[in-house]
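Each chain, written out:
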Amino acid sequence: KQEVTQIPAALSVPEGENLVLNCSFTDSAIYNLQWFRQDPGKGLTSLLLIQSSQREQTSGRLNASLDKSSGRSTLYIAASQPGDSATYLCAVLLYSGAGSYQLTFGKGTKLSVIP
Amino acid sequence: GAVVSQHPSWVICKSGTSVKIECRSLDFQATTMFWYRQFPKQSLMLMATSNEGSKATYEQGVEKDKFLINHASLTLSTLTVTSAHPEDSSFYICSAHTSAGWHEQYFGPGTRLTVT
């Protein structure tokens, strides 16, 4: 059974700092990995998707890397801003056969960026 | 990007009543839709997976007779919480998956259910 772990569970940084969020997964036979952002009481916003054949994806101040063999992904946020404060979730997609796919989430990292 | 909507956004109901939540993919056809629930300060828990035209596959511990899922078309799935109880109060989120492209999952904005 796929397990996804995110470290740290919570992180507080001053505005302007660069930071790294970590995600690890137990089954390396993933189809892809997605990073999401969730604001309190809201749904999920997809940030980046990395295919299993890719090693990184970038969008603005965000950079996500994937090392499938070691079961790790990192989300790098450059020059953090108070508006980045949210919970960041990592999820891996596994193909479970017969045309079925399953997405497994980590518990998230709650980020607070202090002005 | 692709858009998934949910209706209603929030609902308050009395214990014992049933509540239906709709999930629609607005600009693409979703071969598979997923239903999740999320308790406060916890991550998303997959409840069930539904493919259009077939019965939903429920995760262990999820009562299929209580959480009825109907995936009537490639753009619509519904979750009905039957005989709701206060412990069913939660945030319910659906996602739609397409086999085209990068198999990305697109999430709805969620439905906040409060059972009194």
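Data block above holds the structure.
Residues numbered from 1 in each chain as written. Chains lettered and ligands numbered in written order. Predicted model: local features only at pLDDT ≥ 70, side-chain atom pairs only at ≥ 80, totals over all residues. Heavy atoms only, no water.

**Student:** Which residues make up the interface of chain B and chain A, and what values go with them?
**Tutor:** For an interface, size is often stated in terms of accessible area lost upon the parts coming together. Contacts between the two partners involve 19 residues from chain B and, on the opposite side, 23 residues from chain A. Summing both sides of the interface, chain B and chain A together bury roughly 1,600 Å²; the carbon and sulfur share of this comes to 57%. Seen at the junction of chain B and chain A, the total is 0 salt bridges. Those elements that provide at least two residues to the side of chain B that touches chain A are β4 (32–38), β5 (45–51), β9 (90–97) and β10 (105–107) of chain B. In terms of residue class, the side of chain B that touches chain A is built from 9 nonpolar, 7 polar and 3 charged. (Contact = heavy atoms within 4.5 Å. Buried area = accessible area lost by both parts, 1.4 Å probe. Salt bridge = Lys/Arg side-chain N within 4 Å of Asp/Glu carboxyl O. Helix = DSSP H or I, 4+ residues; strand = E, 2+ residues; numbered from the N terminus. Nonpolar A, V, L, I, M, F, W, Y, C, P; charged D, E, K, R; others polar.)

**Student:** Give a description of the state of the cysteines that names residues and reports values.
**Tutor:** Joining two cysteines, a disulfide is a covalent bond between their sulfur atoms. All names here are of chain A. All told, the structure shown has 2 disulfides over all chains when counted by the stated rule. The side chain of Cys-23 participates in a disulfide bridge whose partner is Cys-90; the two sulfur atoms lie 1.8 Å from each other. Residue Cys-23 is found in strand β3 (residues 19–25), and its partner Cys-90 is found in strand β9 (residues 86–97); the two are separated by 67 residues along the sequence. According to the relative accessible area criterion, Cys-23 is buried, its value standing at 2%. (Disulfide = S-S within 2.5 Å. Buried < 20%, exposed > 50% of the residue type's maximum accessible area, 1.4 Å probe, protein only.)

**Student:** I'd like a description of the packing of aromatic side chains, backed by residues and values.
**Tutor:** Throughout the structure, instances matching the rule amount to 8 aromatic pairs over all chains. Taking the centre distance of 5.7 Å and the plane angle of 75° together, the rings of Phe-105 of chain A and Phe-107 of chain B count as edge-to-face. You can see Phe-105 of chain A sitting in strand β10 (residues 100–105) and its partner Phe-107 of chain B sitting in strand β10, one on each of two chains. Phe-105 of chain A sits in the buried class, given a relative accessible area of 9%. Since its relative accessible area comes to 10%, Phe-107 of chain B is described here as buried. On the basis of an interplanar angle of 40° and a centroid distance of 6.4 Å, the ring pair of Phe-67 of chain B and Tyr-92 of chain B is categorised as tilted. Taken together, the residues Phe-67 of chain B in strand β7 (residues 67–73) and Tyr-92 of chain B in strand β9 connect sequence positions 25 residues apart. Residue Phe-67 of chain B is classed as buried on the basis of its relative accessible area of 5%. (Phe/Tyr/Trp six-rings, centres within 6.5 Å; stacked < 30°, edge-to-face > 60°.)

This is a description of form; function is not addressed.
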